[in-house]
Amino acid sequence: MSRLPFPTLIPDTAAFARALGRSLKEREQQGLPLPGHVELLNLVARAVGQRNVQALRAAPIAVEDREPLALSEHARRALALFDSRGRLTLWPAKRTVQKLCMWLLWMRFDADRPYTEAEVNAILKAANAFDDHVTLRRELINDGLMARTSDCREYRKQPARPGEDARALMQAWRARQRH
């Protein structure tokens, strides 16, 4: 393995740490020894969302634009609906704003990890201040941002590409969370 440095971007360090911690805990529960350096690199790559370290090296780095994207009126309205703790304060009447809000909720879920309905409910309960996690869960499914099995036992975050409005909202959201 080459000793040349390669840059990588960890968009959500909390999700990264949780994913890496889960992987190490699973190994411990299986009675496996501590991973060697190559295996640890692969665990790190998987925590970032790649198959392995080779895929991580080959992946282009998705660096956010230096200048913030301009927020549309709908994106500004969606951002204003979230309080300082990051909770959605009320369900917007306008469908366009609802869909934008769903992107911010979608960001709370880890990729490549199955969730039980109870886990999804717990995340969504913590993410809203108006006590309607059921509507939020249904809208995530309806918008194609999450999928569930027919028996509703397993939920998964879907790979999705946000449009320009949603990307601008997500960028503004991250900037607001850093401050």
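Residues numbered from 1 in each chain as written. Predicted model: local features only at pLDDT ≥ 70, side-chain atom pairs only at ≥ 80, totals over all residues. Heavy atoms only, no water.

**With respect to the overall build of the protein**
In step 1: Along the backbone of the protein there are eight helices and three strands.
In step 2: Across the protein, helices and strands are ordered from the amino to the carboxyl terminus as α-α-α-α-α-β-α-α-β-β-α.
In step 3: Along the longest, intermediate and shortest principal axes, the C-alpha atoms of the protein span 55 × 45 × 30 Å.
In step 4: Across the 179 residues of the protein, 34% fall into the buried class.
In step 5: Here the analysis covers contacts within the protein between residues at least 6 apart in sequence; of these, 58% occur between residues at least 24 apart.
In step 6: Accessible surface, the protein as shown: approximately 11,300 Å² in total, 53% of it carbon and sulfur.
In step 7: Separation of charge centres in the protein, based on 30 positive and 21 negative side chains, amounts to 2 Å. (Helix = DSSP H or I, 4+ residues; strand = E, 2+ residues; numbered from the N terminus. Buried < 20%, exposed > 50% of the residue type's maximum accessible area, 1.4 Å probe, protein only. Contact = heavy atoms within 4.5 Å. Areas by Shrake-Rupley, 256 points an atom, 1.4 Å probe, with all protein chains shown as cover. Lys, Arg positive; Asp, Glu negative; His and termini not counted. Charge placed at Lys NZ, Arg CZ, Asp CG, Glu CD.)

**Concerning the packing of aromatic side chains**
In step 1: Evaluation of the coordinates by the stated rule reveals three aromatic pairs.
In step 2: When the ring of phenylalanine 82 is compared with that of tryptophan 173, the centres are 5.2 Å apart and the planes differ by 65°; the resulting orientation is edge-to-face. Pair noted here: phenylalanine 82 is in the loop between helix H4 (73-80) and helix H5 (95-106) and tryptophan 173 is in helix H8 (residues 164-178), with a separation of 91 residues, a long-range link.
In step 3: Looking at tryptophan 173, the relative accessible area reads 8%, which means it is buried.
In step 4: On the basis of an interplanar angle of 80° and a centroid distance of 5.1 Å, the ring pair of tryptophan 103 and tryptophan 106 is categorised as edge-to-face. (Phe/Tyr/Trp six-rings, centres within 6.5 Å; stacked < 30°, edge-to-face > 60°.)

Note that all results are geometric; they support no functional claim without further evidence.
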